[in-house]
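# Structure at a glance
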Amino acid sequence: MIDTIVRFLLLLAFPPIMLGIVNRVKSVFAGRKGPPILQTWRDIAKLARKGLVVSSTTTWVFLAGPAVSLATVLIAGSLVPYGPFRSPFGFTGDVILFAYLFGLARFFTTSAALDTGSAFEGMGASREVTFAFLTEPALFLALLTLARLSGSLDLNGILLGPAGGFSSATAAPLVLVALALGIVVLAECSRIPVDDPNTHLELTMIHEVMVLDHSGPLFGVITWAASIKFFVLSTILLHVLLPMSSGNAAIDWLIFVAGLVAVSVGVGVIESIMARFRMRRVPWFLTGALLCSGSAFVLLVR
Amino acid sequence: MSSLPGAFARIKAEKALPFDELPLLDGEGLAAAMREAIREGSRVVSYFGIPRPDGLTELVSVMAGDTTNALGAARARVKDAFPSIARDCPETQLFEREIAEQCGLASEGHPWFKPVRYRRSWTGRDAWGRDPSLPILPGVGDFYRVEGEEVHEVAVGPVHAGIIEPGHFRFQCHGEEVFHLEIALGYQHRGVEEALRGGPDSRTIRIIETIAGDTTIGHTSAYCQALEALAGAKRSPRTDTIRAIALELERLANHTGDLGAIAGDTGYLPTSSFCGRIRGDFLNMTAVLAGNRFGRGLLRPGGVAFDIGDAERDELLKRLAAAESDVTNAIELMWNSSSVMARLEDTGRLSKDEAIELGLVGPAARATGLARDVRHDHPSGIYRFAQIPVATFDSGDVYARANVRWLELGRSIAFIRDRLSALPAGSLGAPTGPLAPRSFVVTLAEGWRGEICHVAITDEKGDFERYKVVDPSFHNWPGLARALRGQEISDFPLCNKSFNLSYCGHDL
């Protein structure tokens, strides 16, 4: 019971803090003091108090975009196990639901962008779906590989692995899956080198340009939902990178949170030491993720 | 070799001559002479009109043959129209549109006859026959369009997401690829040339200092030289040296800022943040000289307002050494980062031929391998005795424009260090006296963006009848539009930063 409460508190409260950690790491690399760790929460609180501007050319789809993305990431977040703690909602085949929740969120985000009729947002929507075309199968194949390894078809079983833990004989496919998931995290959460979350240059944006017309509370919801997506995908990555359980609940929770912090720091370091790819090169990078998880799967079925 | 046809009078920068001594041609003759000069390798430095009370307009053309260090000028009187040579000589197209807009003359045969700044003419005539009762709005009008099922148009600006000046950019795209970019400016027009007419007065220098706020020293140098030439004033070597140090400090600050901004646009944070700070260090060195970070109030016609004492000299040398090592670290970091280089190389490529055709100046021209630098080709002041090697690179892409800036950083630092360690003696100068009447003078300065050209023409009383300012941005904006052809639209901000042109310098 306590574990379930902790789960939901973490799911709701921790994601914006992860963005705060990423930004703090980037600041340190740039020689700046940087914003407070809680800055993303403060931004969301500020946005919640603001007014809302809704263009008269838009329809209900414009409002549905942020609402659906928040709802879907919350559902996705409640389906995955956190560290050794199983999800209370798991069922056979929930992995398919999980993958399509992201698809549904994307459908509504891009529809809301197209709903504004702006050339920028159409451009962003086109980029988003083009790149998703490569990240979705990469994520699917990674989950499929893990499903094959664990012999299970529900997320709890897939991510927690076989009873005795993954055997060292499967190290090669696991490394490939970790690489693929790492790239998926960077791409899906619009981080450098795929997208630049800090830029103000609308012509170069992928994700941010789709939400240019959302303001106030709606934009707060988008920011929050984006951070939860980062949290959920990082959780999946942690199952591959850090599949450990001490048996003590308190220590396990600490390990889990430390893992999330480590992923945030890692993303911050990557963002600090490299530039973005040219837009034309992004598909190559994403194809790399697809090849990694595809090869991992091939290694297992041979 | 670039040579000027005989129709042009040979002139020298910073040397006033009676205006009536300029050869007088008719419109066709001037066009033919300019066409011939450009074919022979010369380029347009300035080309403008002076409306006369009798309804005629006097066109004045200043051309430069850089390889022979030659400057030439000629004029023509025209009535309602003048022939355009832009179809054969694209570098003149913006000048011709400017003349048409300011003087209300039709530019006959102009391939893309549009306003430049969307203002009414000075004469009451209108080259486009627009209704005088309706307002003229910048950026409103026809744009070049590519038709087709899969072609789409993206319009950016005039309000931008960043805190920058306003300008309107119209892209014709096929997916991510840009077929064509058209740039419409004019939002920043303040009426600089109109306000300078009848001067110089106490406001004039303030206006000059803010033609382009980041090029205060560059424009003020050209202005002071013009006044000194017209008043026949002599400057001491000490004055020239202090001016050159200020000009190079301005270059250092802006080049550092540009390199940081280029890194920032690729998402490479460390160089971006460091350069932002180091740019401030260079600006603060200008403040040591003048008490103002942009050098406002330092240059005055006749001399400079502040001397460099021993304390300032030591302070500057100390700060210069620190900033040099900081900027080297920050830029080396970027050069050694393969992900940044992958973005810079082969992006926004311009060939040397295109640069010549469009008449580009400054680092943008030098990045295509064109050795075009006023400090070398038409030196004035201390640059006649202390040369700075011209920094060129040949790939013509964003990397080349960044690298030229980087090379110039090192050379400017060395130049300042040499000048500071051997400051010549001499006075700081005295205010200039009255200006010669009915005279004409051209002055050139190599600002950090490129060639700055000022042309002053005085009336019978020695007041400015016409004061023509050409900011390097006026030459270079078409270069940016050309560089975008066939590029990805997402690379536009990076290309734009690599040119970093001035909106207000163009709009005046």
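Please read these numbers as outputs of a predicted model, since none were measured by experiment.

## Quick look at the overall build of chain A
- Secondary structure assignment for chain A yields 11 helices and 0 strands.
- Starting at the N terminus and ending at the C terminus, chain A contains elements arranged as α-α-α-α-α-α-α-α-α-α-α.
- The C-alpha atoms of chain A give 19 Å as radius of gyration, which agrees with the globular expectation for 302 residues (19 Å, within 12%).
- On the principal axes, the C-alpha backbone points of chain A span a range of 55 × 40 × 40 Å.

## Observations concerning the pairing of strand S15 (residues 450-458) of chain B
All names here are of chain B.
- Across the 9 residues that make up S15, a large majority, 9, are buried.
- Sheet topology places strand S14 (residues 439-447) next to S15; 8 bridges connect them, and they run antiparallel. In the strand pairing of S15, Val 441 is matched with Ala 456.
- Between S14 and S15, which pair antiparallel and follow one another directly, the connecting turn spans 2 residues.
- Of the pairings in the sheet, the one linking S15 to strand S16 (residues 464-470) comprises 6 bridges and is antiparallel in character. The partner of Cys 453 across the bridge, within S16, is Val 470.
- Remark: 5 residues form the turn of the hairpin made by S15 and S16, two consecutive strands paired antiparallel; Gly 462 in that turn has positive phi of roughly 90°.

## Observations concerning helix H9 (residues 216-241) of chain A
- The end-to-end C-alpha separation of H9 of chain A is 37 Å, in line with the 38 Å expected for 26 residues at 1.5 Å each.
- Counting buried positions along H9 of chain A yields 23 of 26 residues, so the element is predominantly enclosed.

## Quick notes on the interface of chain A and chain B
- On the chain B side, the residues contacting the 23 residues of chain A number 27 residues.
- Among the secondary structure elements, those contributing two or more residues to the side of chain A that touches chain B are helix H2 (15-29) and helix H6 (119-150) of chain A.
- Taken together, the residues that form the side of chain A that touches chain B break down as 11 nonpolar, 5 polar and 7 charged.

## Quick look at the domain arrangement of chain B
Residues and elements named next belong to chain B.
- The domain boundaries assigned to chain B delineate domain 1 (9-108) and domain 2 (192-470).
- Of note, the centres of domain 1 and domain 2, computed from C-alpha atoms alone, are 26 Å apart.
- On the side of domain 2, 25 residues touch domain 1, which itself brings 24 residues to the contact.
- A total of 6 residues in the side of domain 1 that touches domain 2 trace back to one element, the largest contributor, which is strand S4 (residues 43-51).
- Across the side of domain 1 that touches domain 2, the residue classes tally to 16 nonpolar, 2 polar and 6 charged.

## A word on H6 of chain A
Residue and element names in this part refer to chain A.
- Given a rise of 1.5 Å per residue, 32 residues ought to cover 46 Å, and the 46 Å separating the end C-alpha atoms of H6 matches this to within 8%.
- Where H6 bends most, at Ala 132, the angle is about 35°.
- In the stretch just after H6, Gly 151 is the one whose phi turns positive, near 65°.

## So, the sheet that holds S15 of chain B
Residue and element names in this part refer to chain B.
- Judged by pairing direction, the sheet is antiparallel, and its 4 strands sit side by side in the order S2-S14-S15-S16 without closing on themselves. Only two strands of the sheet have a single partner each, and these edge strands are strand S2 (17-18) and S16.
- Where S2 and S14 come together, 2 bridges link them in antiparallel fashion. Note that in S14 the partner of Pro 18 across the bridge is Ser 439.
- With respect to the sheet, helix H5 (residues 216-231) is in contact with S14 and S15, its orientation differing from that of S14 by roughly 150°.

## What to know about the nonpolar core
- Among the nonpolar cores identified, the biggest contains 244 residues, and Ala 138, Ala 180 and Val 184 of chain A together with Val 442 of chain B are the most heavily contacted of them.
- In terms of residues, this core owes the most to one element, H9 of chain A, which gives 16 residues.
- Here this core spans two domains, since at least three of its residues come from each of domain 1 (9-108) and domain 2 (192-470) of chain B.
- In this structure, Val 442 of chain B is in contact with Ile 11, Ala 13, Val 62, Leu 71, Ala 73, Cys 453 and Val 455 of chain B, ignoring residues within four places of it in sequence.

## A closer look at the environment of Val 185 of chain A
Residue and element names in this part refer to chain A.
- Along the chain, Val 185 turns up in helix H8 (residues 171-188).
- Taking the C-beta count within 10 Å as the criterion, Val 185 has 23 such neighbours and is therefore assigned buried.
- Along the primary structure Val 185 and Thr 135 are separated by 50 residues, whereas in three dimensions their C-alpha atoms are 9.3 Å apart.
- If sequence neighbours within four positions are ignored, Val 185 has contacts with Leu 233, Ser 234 and Leu 237.

## Topic: the confidence of the model for chain A
- Per-residue confidence for chain A averages 90 on the pLDDT scale, and 100% of its residues sit at or above 70.
- In the model of chain A, helix H7 (residues 155-160) of chain A stands out as the element of lowest mean pLDDT, 89, in contrast to helix H3 (residues 39-49) of chain A, which has the highest, 95.

## Notes on the packing of H8 of chain A against helix H11 (residues 282-301) of chain A
All names here are of chain A.
- Where H8 meets H11, the axes come as close as 8 Å, and the angle between the chain directions of the two elements is 155°. Classified by the angle their axes make, H8 and H11 are roughly antiparallel. When the axes of H8 and H11 are compared, the crossing they make is left-handed. For the pair H8 and H11, the contacting residues are Ala 172, Pro 173, Leu 176, Val 177, Leu 179, Ala 180, Ile 183, Val 184 and Ala 187 in the first and Phe 285, Leu 286, Gly 288, Ala 289, Cys 292, Ser 293, Ser 295, Ala 296, Leu 299 and Leu 300 in the second.

## Some thoughts on the sheet that holds strand S9 (residues 151-156) of chain B
Residue and element names in this part refer to chain B.
- Pairing is antiparallel in the open sheet, where 3 strands are placed in the order S9-S10-S11. Here the strands that pair on one side only, and so sit at the sheet edges, are S9 and strand S11 (177-184). Across this sheet, the average inter-strand angle for adjacent strands is 20°, counted without regard to direction.
- One ladder, built from 7 bridges, connects strand S10 (residues 168-174) with S11; its direction is antiparallel. Bridging from a neighbouring strand, His 174 pairs with Glu 177 of S11.

What counts, and at which threshold
- In this numbering scheme, every chain counts its residues from 1 along its sequence in written order.
- The naming scheme follows written order: chains are lettered A onward, ligands numbered 1 onward.
- This being a predicted model, a pLDDT of at least 70 is required before a residue's local features are given, and a value of 80 or more before pairs of side-chain atoms are given or counted; all residues contribute to the totals for chains, interfaces and linings.
- In DSSP terms, a helix is any run of H or I states spanning at least four residues, a strand is any run of E spanning at least two, and both are numbered starting from the N terminus.
- Each radius of gyration reported is based on C-alpha atoms, and the globular scaling rule is 2.2 Å times the count of residues to the power 0.38.
- Counting other C-beta atoms within 10 Å of each residue's C-beta, where C-beta atoms are placed from the backbone, gives the exposure class: buried for 20 or more, exposed for 12 or fewer, partly exposed between.
- Following DSSP output, two strands are said to pair if at least two bridges run between them.
- Expected helix span is computed as 1.5 Å times (number of residues minus one).
- Two residues qualify as being in contact provided that their C-beta atoms, derived from the backbone, are within 7 Å of each other.
- Side-chain classes follow a simple rule in which Ala, Val, Leu, Ile, Met, Phe, Trp, Tyr, Cys and Pro form the nonpolar group, Asp, Glu, Lys and Arg form the charged group, and the remainder, Gly included, forms the polar group.
- Annotation comment: domain bounds sourced from an automatic or database domain assignment.
- Note that bend, as reported per residue, equals the angle between axes fitted to the 7 residues terminating at that residue and the 7 residues originating from it.
- Under this scheme, a helix contributes an axis fitted over its contacting stretch, all axes are lines through C-alpha atoms, and angles between N-to-C directions fall in the 0 to 180 degree range.
- Think of a nonpolar core as buried Ala, Val, Leu, Ile, Met, Phe, Trp, Tyr and Cys residues chained together by C-beta atoms that fall within 7 Å.
- A residue's pLDDT is simply how confident the predictor is in it, with values from 0 to 100.
- With respect to orientation, any angle under 35 degrees is reported as roughly parallel, any angle over 145 as roughly antiparallel, any angle of 65 to 115 as roughly perpendicular, and every other angle as oblique.
- Each crossing is labelled by how the near helix is turned from the far one, with a counterclockwise turn of less than a right angle marking it left-handed and a clockwise turn marking it right-handed.

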